[in-house]
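The lines below spell out each chain.
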Amino acid sequence: MYTSSFRSYGPRTLPVLAKNNRGCLFIIPRSEQKAAIERGIPLTQIRPINADESIQLTSKIRVHAIPSAHVNIETDQNNDHRYLGYIMNIGKITVYHSGDCVPYPELVPNLQS
């Protein structure tokens, strides 16, 4: 599983990762889906998500997205967030992946919900 913004990585890295790991899923901001496809990630390996949405990958693995701010919270013309943080529940373990997030006023309440 790979989660991040596609703006941060070179166009050659991710297609190689996808091609050599057909079971790899790319959980990405919905706003980045077009960029992912343009970079060569097969649609079958993309799981787009927006803030406040969750994806249940297996009976024991759930990924919930929250807004992430690089400087500010940014959305595209469809109000899809450009940057996301991910709360991953794996059985009884919870992990938060913030990406390149800077603190913002709603971050702590988002993590507590």
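Scroll up a little and you will see the structure.
In this text, all values refer to a predicted model and were calculated from it rather than measured experimentally. (Residues numbered from 1 in each chain as written. Predicted model: local features only at pLDDT ≥ 70, side-chain atom pairs only at ≥ 80, totals over all residues. Heavy atoms only, no water.)

A. Region of the structure containing unusual backbone geometry. Phi angles above zero are rare outside glycine, and Asp52 is one such case at about 70°. Its relative accessible area of 56% is what places Asp52 among the exposed residues. Within the chain, Asn79 stands out as a residue other than glycine whose phi angle is a positive 70°. Position of Asn79 relative to the elements: it lies in the loop between strand S5 (61-67) and strand S6 (84-90). (Buried < 20%, exposed > 50% of the residue type's maximum accessible area, 1.4 Å probe, protein only. Helix = DSSP H or I, 4+ residues; strand = E, 2+ residues; numbered from the N terminus.)

B. Representation of the sheet that holds S5 within the structure. Pairing is antiparallel across the open sheet formed by 4 strands, whose spatial order is S4-S5-S6-S7. Sheet topology places strand S4 (54-56) and strand S7 (93-97) at the edges, where each strand pairs with a single neighbour. Sheet twist, expressed as the mean angle between neighbouring strand axes with direction ignored, is 15°. (Pairing = 2+ DSSP bridges. Axes fitted to C-alpha atoms, helices over the stretch in contact; angles between N-to-C directions.)

C. Inspection of a nonpolar patch on the surface at higher detail. The grouping of Ile90, Ile93 and Val95 at the surface amounts to a nonpolar patch, some 250 Å² of accessible area in total. Among the residues examined, Ile90 registers a relative accessible area of 39% and is labelled partly exposed. (Patch = residues over 30% accessible without salt bridge, like charges linked within 9 Å, V, L, I, M, F, W, Y side chains within 5 Å. Areas by Shrake-Rupley, 256 points an atom, 1.4 Å probe, with all protein chains shown as cover. Salt bridge = Lys/Arg side-chain N within 4 Å of Asp/Glu carboxyl O.)

D. Local environment of helix H1 (residues 13-20). If you check which residues of H1 are buried, you get Leu14, Pro15 and Ala18. Down the axis of H1, the buried set is contained in an arc of 100°. They therefore lie on one face. (Arc of directions from axis to C-beta.)

E. Region of interest: the pattern of salt bridges. Here the structure, examined in full by the defined rule, presents 4 salt bridges. For Arg30, the salt bridge identified is with Glu53, shortest N-O distance 2.8 Å. Here the residue Arg30 occupies a position in the loop between strand S2 (26-29) and helix H2 (33-38), and Glu53 occupies one in the loop between strand S3 (46-49) and S4, the gap between them amounting to 23 residues. Classification of Glu53 by relative accessible area gives partly exposed; the value is 28%. Looking at Arg30, the relative accessible area reads 30%, which means it is partly exposed. Among the charged side chains, a network of salt bridges with common partners joins Arg30, Glu53 and Asp80.

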